[in-house]
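Structure assessment
Chain residues, written in single-letter form:
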Amino acid sequence: MQVNSSSRLRSSQLERSPNTKSAFLYPRPSLPSLSTTSADNLPDARSYLQTKLDVPTKSLLSHDEYGICNNPDFRYTSSHNSRENSTISEVEDPSYFILISTYVSYVLLIVVGHMRDFFGKRMFKKHYKHLMPNNGYAALLSDFDSFYTRRLKLRIDDCFSRPTTGVPGRTIVTLDRDSADYNNTYNYSGTSTRCLNVSSYNYLGFAQARGGCADAVEDCIARYGVSAGGPRHEGGTLDLHHQAENLVAKFLGTEAAMLISMGFATNSTTIPALVNKGCLVISDELNHSSIRFGVRLSGASVRQYKHNDMKELENLLRETISQGQPRTHRPWKKILLIVEGLYSMEGTLVNLPVIMEMKKKYKFYLYIDEAHSIGALGPSGRGVCDYFGIDPRTIDISMGTVTKSFGAAGGYIAGSSDLVNRIRQRSHGMTYAESMSPPVLTQIISSLASITGVKEFIEGGDQVSEEIHPGPITYNTLPSWMTLPRDLLDGSEGKDRLRRLAFNARYLSSALRKMGFIMSGSRDSPIVPLFIFHPAKLPLFSRLMLERLTKDAASIVVVVVAYPATPLISGRVRFCLSSAHTKADIDELLRACDEVGDILQLKLSKRENKWTVEECIDRAVELVESEEA
């Protein structure tokens, strides 16, 4: 039975004019995004979204899952500018002193670590039982393989796996802890701290416990339950699975799409279904481990090229096509080029326009992993194809996750109908894995609908064709029971999220460059890497940012990354931005980086005309709109 679309709206929506576009459905506290007021003196509105804890929480932050930022100047549209080199992968070289001291630091750590192991095995045997043969049993762990974990990572282990509670939105609550035995064990003080969160892949800010999407998920749980129970058909597939997959295909502009319940498995189980022995996979050297794992499982030959080096890629294509398979020199069954849309460690974008020209010339298949770029790049959030203005149907296989930008879990594969149907039959991620649960599917549907907009609720929607990509969906595409606020249905909130994220990314990246830090990646990337280099400065940066609360400043949670996730001398901190952050949040982050950067001497750039942090804050809009950082 067809249900009139207006009957699905809640009473609060029906009271509004059809043309009313509200920024928020729910009343929000009229507090500044950041405050240096004592937590005890905050007004009652501060507790509106406060996570209920059994422990006292220290904070100088006014808590709001999605920060209030109504200034229209702090918005930007993410799109490729031919006058900017957004795909450059080179990083400014630090001085030789920095490089040599970094290497010397690692040498000292390794030498001292081996000395401790040598004497420890002879003087403190009980601490080395797991590394030595005992009562006829072989050693449980390899001494050499576990050396990095014991002697290097353990020193900075307090910077990782910090226990948190509540929603990892704009802010996050960390449980306070310390260690008296050099991070072997931890003691919990019983208190917690609310920190500014720049460490989560919450690009569009959908990690919320309140809002239209969260309410839709709550309704779904009441209807279907938490697991994939309820009204089943086709061996466990629900109507929600079909609706979500159709919506993903519509969002991407492809013929079909399929959902897999785990992001890592989306790559590792799909690639073996595409290639096998006699096929060639050409892979960017910085591709994710899930891609590498999938290629190994497939049995296909693999060749790598330097990150984003298009000349090396073309030379490799010429060589492999002319030489064919090893020994026999027969032609390859197929050649599959695998790249990522946005590289999460570097913040760089794939040089897609050049690759598409090569694709026409050399006739290879193209597989793009858009785990970090989908929802985070492009004027309509459709990823790198949207960003560069390339027809998504010219991409053979599109892969991405719904974990990061859309606040759900799992991944998708999109392409032609024949390809997707074939992968359904051959992929272990479909045959052996469990299907997505209804709440996750509902989160996918509601978040995607908020970005695409629903035709019936868009102003002038009668003149908008659903066939145009990117374009809106029709109301019948959504589940009949789903109710969403009008600002989600007309796409206004989704567009605002995209533009806020684009502004935050360019603002932070441009300002840090102007302040003299060595950075990498595109200014449009929501992942902003700042190079620290020295291994001793990595934990210091993380701890100083977290301990700023003692200086009447907001604590900040960051992610530091070192070897083996990065090259030995390229230790860095990665700021992961969200549309939930306000300009005031980015201002606070810049002041923190300026303060800690001076203490640790991290402003290593040789550029001229550096700006002060206050100058960057005052000229934020100019920084974002300029073509040069």
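In this numbering scheme, every chain counts its residues from 1 along its sequence in written order. Selection of residues for local features in this predicted model requires a pLDDT of at least 70, selection of side-chain atom pairs for listing and counting requires 80 or more, and totals for whole chains, interfaces and linings are taken over all residues. By convention in this description, side-chain values take in all heavy atoms of the structure and omit both hydrogens and water.

1. Thoughts on the overall build of the protein chain
- Per the secondary structure count, the protein chain includes 19 helices and 15 strands.
- Three labels apply to residues, based on accessible area from a 1.4 Å probe with only protein chains included: buried if under 20% of the type maximum, exposed if over 50%, partly exposed otherwise in between. Looking at the protein chain residue by residue over its 629 residues, the buried ones come to 55%.
- Residues are treated as being in contact if the distance between any of their heavy atoms lies within 4.5 Å. Across the protein chain, every contact between residues at least 6 apart in sequence was considered, and the portion connecting residues at least 24 apart equals 71%.
- To be clear on the numbers: accessible area is Shrake-Rupley with a 1.4 Å probe, and residue cover counts the displayed protein chains and nothing else. Summing over all exposed atoms, the protein chain offers an accessible surface of approximately 28400 Å²; the carbon and sulfur share of this is 52%. For helices the rule is a DSSP run of H or I covering at least 4 residues; for strands it is a run of E covering at least 2, with both sets numbered from the N terminus onward.

2. A short note on the packing of helix α6 (residues 263–274) against helix α7 (residues 289–298)
- An axis is simply a line fitted to the C-alpha atoms; with a helix, the fit covers only the stretch in contact. Between two such axes, the angle follows the N-to-C directions and lies from 0 to 180 degrees. Remark: α6 packs on α7, axes separated minimally by 7 Å, with the N-to-C direction vectors making an angle of 25°. Accordingly, the angle class assigned to the pair α6 and α7 is roughly parallel. At the point where α6 passes α7, the crossing takes the right-handed sense. Touching F264, N267, S268, I271 and P272 of α6 are S289, S290, I291, F293, G294, V295, L297 and S298, all from α7. Here is the rule for angles: anything less than 35 degrees is roughly parallel, anything more than 145 is roughly antiparallel, 65 through 115 is roughly perpendicular, and the remaining ranges are oblique. By convention the crossing between two helices is left-handed if the near helix lies anticlockwise of the far one by an angle smaller than a right angle, and right-handed if it lies clockwise.

3. Things to note about the sheet that holds strand β14 (residues 559–561)
- Whether two strands pair depends on DSSP finding at least two bridges between them. Strands sit in the order β12-β15-β14 across an open sheet of 3 strands; the sheet is antiparallel. The open sheet terminates on both sides in strands that have one partner only, identified here as β12 (527–533) and β14. Averaged over all pairs of adjacent strands, the angle between their axes in this sheet comes to 25°, without regard to strand direction.
- As defined by bridge partners, β12 adjoins strand β15 (residues 571–576) across 6 bridges and the pair is classed as antiparallel. For I527, the partnering residue across the bridge sits in β15 and is C576.

4. Topic: the UniProt feature "transmembrane region" (unreviewed entry) in the protein chain
- The UniProt feature table records "transmembrane region" (unreviewed entry) at residues 96–115.
- For residues 96–115, the end-to-end C-alpha separation is 28 Å, with 100% helix and 0% strand making up the annotated structure. UniProt positions are given in the numbering used here, feature names are shortened, and annotations may be inferred rather than shown by experiment.

5. Details of the nonpolar core
- Core analysis: the largest hydrophobic core is formed by 49 residues, its most contacted members being Y507, L508, L512, F541, M545, F575 and L590.
- Put simply, the parts of the chain that give this core at least two residues each are α2 (96–123), α15 (492–515), β12, α16 (537–546), β15, α17 (583–600), α18 (613–618) and α19 (620–625).
- Apart from residues no more than four positions distant in its own chain, L590 is found in contact with Y507, L508, A511, L512, M515, V613 and I617. Side-chain atoms within 4.5 Å link the members of a nonpolar core, which is a set of buried Ala, Val, Leu, Ile, Met, Phe, Trp, Tyr and Cys residues.

6. Side note on the packing of aromatic side chains
- Any two of the Phe, Tyr and Trp rings considered here, Trp counted by its six-membered ring, make a pair once their centres fall within 6.5 Å; the pair's planes then place it as stacked at under 30 degrees, edge-to-face at over 60, or tilted in between. Taken as a whole and judged by the stated rule, the model has 12 aromatic pairs.
- Note on F118 and F119: the rings are 5.2 Å apart at their centroids and 85° apart in plane angle, and the pair reads as edge-to-face.
- One aromatic cluster in this structure is built from F74, F503 and Y507.
- Counting as a charge over the ring demands two things of the Lys NZ or Arg CZ atom: a distance within 6 Å of the ring centre and an angle within 35 degrees of the ring normal. The ring of F206 carries R497 above its face, with NZ or CZ at 4.3 Å from the centroid.

7. Details of the sheet that holds strand β6 (residues 280–284)
- An order of β5-β11-β10-β9-β8-β6-β7 is seen for the 7 strands of this open sheet, with the pairing classed as mixed. Whereas interior strands pair on both sides, the edge strands pair on one side only; in this sheet they are β5 (256–260) and β7 (301–305). Averaged over neighbouring strand pairs, the angle between their axes works out to 20° when direction is ignored.
- Its contacts with the sheet put helix α9 (residues 352–362) on β8 (335–340) and β9 (365–369), and the angle it makes with β9 is roughly 160°.

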